[in-house]
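Structural features, examined
Below are the chains, spelled out letter by letter.
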Amino acid sequence: MFHVTRRLCQRRHPNPLSASLAIRYQTTSSYHNTGNTDDKQYSEPKNYSASPRFIFFGAATVLGYAYYRTFGIRKLSADAQFKDLAPPERKDLPIYKRDDVKKHGKGSQRIWVTFQNGVYDVTDFIESHPGGDKILLAAGDAVDPYWQMYAQHKKSEVLEILEEMRIGTLDPNDIKVETKKVDVNDPYANEPVRHPALVVANHKPFNAETPPTLLVDHFRTPNEFFFVRNHLPVPDVDVSKHHLQVEGLGVKRPLNLSVDELKNSFAPVHITSAIQCSGNRRANMNAYKKVQGLMWKETAISNAKWTGVRLRDLLIHSGVDPNDKQIKHVHLEGADKDPTGGQNYGASIPFEKAMSPETIVAYKMNDEDIPRDHGAPLRLIVPGVVGARQVKWLKAIRLSDVESPSHWQQKDYRVFSASVNAGDELKWETVPSIQEYPIQSAFCIPQPGAAVSRSEETIDVAGYAWSGGGRGIIRVEISTDGGKTWQTADIEQDPQQDQEHMWSWTLFKASVKIPEGVDQMELVVKATDRSYNTQPETSAGIWNIRGLLNNAWHKVEVKIKD
Ligand code: HEM
Ligand SMILES: *[C@@H]1O[C@H](CO)[C@@H](O)[C@H](O)[C@H]1NC(C)=O
């Protein structure tokens, strides 16, 4: 296997965010050394070393706490998590409405949060929070859904810290989340409950990104944080009744399998694979020159472990001859239906890719049943290929000599030349459908407009890189002088995969020197894959009217304060 160096960041960290990053890399590397990924839960740092995380924390007012350490973060079921941990009754304090708390959100003078029925002013704690400014994700709102994901908060010591900041009690009528009135005429009335951290790009259909600072926290993105790209209302599929059809050209024995039959008749396989929307980083391309589409930023990408059965096993079982030269494409149909009476979502992949061992019909995502937003109960996983082909709520597979007639295969997800402009006729049949993704990388940390103090001398950066077709990332480089000189970043990769079959993403981090004598710096990142493909410097040559596949160097401006 390709050798990956992981220089661990052991130095002192000037700010909580960089400390939290350092620890994550430490712990994920110990997780790497323990062998088989498939037996591990994702995002579960096991043996924390106690010291570095408390370097700055010791300076905080909360003393008598620093001995606290080593614990495993278990992924607990949401309801079980904080049952035995409740804020005390405080009749001496005022009662607040949820709306009062909302007025103290991000950007306001005093930041309030709630935990169960407690109301807290956390303004003075933010600087010393071990998890850095992630605490602001809950500003003006409840910390509960975040603590379910970051279970290190589940202990009486954290509650003690919190109670010192207690200012009131939540009105009992406001503790239960108000149930929204259901409009039976709204095709989107039955959408799943989602994590409040998701950054919504569009509500109906639901499209949302992962907050960048949370994305790089986990090599396998927790299901709750996995970016969501829906085209239609989310179907509510009854698992016990759902069937998967296999039919079409070259199929000698058409199949009609229940989910249980599928699980019980074929060998289960696991694969960790990233999914990226073809519109990821569209907003960056739009900044270069206006494009059309949903303005995704940099985090319409996530990485998960999928469990399912090989599509090739299903096809061979249905009597398909792997060498059948007539079969060219495999159509996939989802259970999500256009509410205006139109078609179901559909797409297709080349027959050859369908027969490749990495392509699976998945029923588990990170060892849990696939959540509704991600295709419950069955979703096709086509590693190395754009997200649009990895059809969710999968209900039919049809073999053919032509591509899927679906709108999303024929009239979307195709990249025109830069000479095609807004208002021009789009001749879809002249360009092929997107399948394999080109090479990509982007920063998640820092965010544009972040400020760093000159006295810190370095700034910690982190992000992801990925390339389609299983082409491994061989390096990620960072520049602070617009690309004249480059520094190689440390990378973290899936130890189960090699450079010719790298379906998982690569996470990177680096400590970058702050240039002298300037009050602003531009960070640039680019990656190189196993085929020595690298990213274009700007969007100039890849600009296309739909804003697809933007993989220009990602640039982030940071202010330097004295
Ligand atoms: C009033 C609100 C909060 C308080 C009092 C608080 C307190 C703490 C404390 C005491 C720790 C150290 C736990 C330990 O390692 O023993 C911690 C860690 C952490 N917190 Fe919070 N937290 C709050 C809100 C949040 C929110 C909303 C997030 C959002 C994701 C968050 C994310 C984290 C993370 C990621 C860590 C781990 C840092 C690391 O070990 O690298 N916290 N928090
Ligand atoms: C598949 O089988 C189920 C259960 O036996 C049945 O209800 C359904 O109509 C079948 N579908 C097709 C297309 O044969």
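Above this text is the structure in question.
Computed from a predicted structure; not experimentally measured.

What follows concerns the sheet that holds strand β2 (residues 112–115). Taken together, four strands build an open sheet; the order of strands is β1-β4-β3-β2 and the sheet is mixed. The open sheet is flanked by β1 (95–96) and β2, the only strands paired with a single partner. Strand direction decides the pairing type here: β1 and strand β4 (residues 166–170), joined by two bridges, are parallel. Across the sheet, the residue bridging to I95 is T169, located in β4.

In this section: the pattern of salt bridges. Considering all chains together, one arrives at 29 salt bridges under this definition. A salt bridge links D367 to K305, with the nearest nitrogen and oxygen atoms 2.8 Å apart. Of this pair, D367 sits in the loop between β14 (360–365) and β15 (368–369) while K305 sits in strand β11 (residues 301–310), placing them 62 residues apart in sequence. Overall, the relative accessible area of 1% leaves K305 in the buried class. The residue R530 makes a salt bridge to E500 at a minimum N-O spacing of 2.7 Å. Within this pair, whereas R530 is found in the loop between β25 (520–529) and β26 (554–561), its partner E500 is found in the loop between β23 (490–492) and β24 (506–513), the two being separated by 30 residues in sequence. For E500, a relative accessible area of 42% puts it in the partly exposed group.

Next up on the list: the coordination of the iron atom of ligand 1. The iron atom of ligand 1 binds to the protein through H129 (NE2) and H153 (NE2); the donor distances cover 2.0 Å. Given six donor atoms and angles of 86 to 180° at the metal, the environment of the iron atom of ligand 1 is assigned as octahedral. Taken together, the residues span a long stretch of sequence, with H129 in the loop between β3 (118–121) and α3 (144–149) and H153 in the loop between α3 and α4 (156–163) at a distance of 24 residues. Using a relative accessible area of 10% as the deciding quantity, one classes H129 as buried. With a relative accessible area of 16%, H153 lands in the buried category.

Time to look at empty space enclosed by the protein. Summed over all chains, the structure comprises two cavities of 30 Å³ or more. Per-class residue counts for the lining of the second largest cavity are ten nonpolar, six polar and four charged.

Before going further, it helps to spend a moment on the site of ligand 2. In the vicinity of ligand 2, the contacting residues are H243, Q245 and N256. Interatomic distance of 3.4 Å between a side-chain N/O atom of Q245 and a nitrogen atom of ligand 2. N256 has a polar side-chain atom sitting 2.3 Å from an oxygen atom of ligand 2. Burial of ligand 2 by the protein chains amounts to 30% of its free accessible area of 360 Å².

Let us look at the packing of aromatic side chains. Counted under the stated rule, the structure contains twelve aromatic pairs. Taking 6.2 Å as the distance between ring centres and 90° as the angle between the ring planes, the aromatic pair formed by F227 and W296 counts as edge-to-face. With F227 in the loop between α5 (212–215) and β7 (228–229) and W296 in the loop between α7 (282–288) and β11, the pair connects residues that are 69 residues apart, well separated along the chain. On the accessibility criterion, F227 (5% relative accessible area) is buried. Under the relative-accessibility criterion, W296 is labelled buried at 1%. On the numbers, 4.8 Å between centres and 45° between planes, the contact of Y345 with W408 is tilted. Linking Y345 in strand β13 (residues 344–350) with W408 in helix α10 (residues 407–410), this pair joins segments that are 63 residues apart in sequence.

Parameters at a glance
- In this numbering scheme, every chain counts its residues from 1 along its sequence in written order.
- Key to labels: chains lettered from A, ligands numbered from 1, both in the order written.
- Where local features are concerned, this predicted model is filtered to residues with pLDDT of at least 70; where side-chain atom pairs are given and counted, the filter is 80 or more; whole-chain, interface and lining totals use all residues.
- With hydrogens and water stripped out, all remaining heavy atoms of the structure feed into the side-chain values.
- DSSP calls a pair of strands paired once it identifies at least 2 bridges connecting them.
- Put simply, DSSP marks the helices as runs of H or I at least four residues long and the strands as runs of E at least two long, and each gets a number from the N terminus on.
- Basic side-chain nitrogens of Lys or Arg form a salt bridge, by our definition, when they fall within 4 Å of a carboxyl oxygen of Asp or Glu.
- Each residue is placed in one exposure class: buried if its accessible area under a 1.4 Å probe, protein chains only, is under 20% of its type's maximum, exposed if it is over 50%, and partly exposed if it falls in between.
- The rule for donors is simple: N, O or S, within 2.8 Å of the metal, or within 3.2 Å if the metal is Na, K or Ca. Water isn't counted, so a site may look like it is missing partners.
- Think of it this way: with four donors and all angles in the 85 to 135 degree range, the site is tetrahedral; with four or six donors, opposite ones beyond 155 degrees and the rest between 65 and 115, it is square planar or octahedral; otherwise it is irregular.
- Of the grid points, spaced at 1 Å and generated over the protein atoms alone, those admitting a 1.4 Å probe that cannot get out make up cavities, while open sets with protein on both sides within 12 Å along at least five of seven lines make up pockets; any residue with an atom within 4 Å of a point is treated as lining.
- Grid points are joined across faces, edges and corners, and a volume is the space filled by probe spheres set on the points.
- Lys, Arg, Asp and Glu make up the charged group, whereas Ala, Val, Leu, Ile, Met, Phe, Trp, Tyr, Cys and Pro make up the nonpolar group; the residues left over, Gly among them, are polar.
- A molecule or strand has a residue near it when one of that residue's heavy atoms lies within 4 Å.
- By the criterion applied in these results, polar contacts are pairs of N or O atoms within 3.5 Å in which, for protein atoms, one can donate a hydrogen and the other can accept it, and in which residues neighboring in sequence qualify only through two side-chain atoms.
- With residues, only the protein chains shown are counted as cover, and all accessible areas are computed by Shrake-Rupley using a 1.4 Å probe.
- Two aromatic rings from Phe, Tyr or Trp, using only the six-membered ring of Trp, form a pair when their centres are within 6.5 Å; if the ring planes differ by under 30 degrees the pair is stacked, by over 60 it is edge-to-face, and anything between is tilted.

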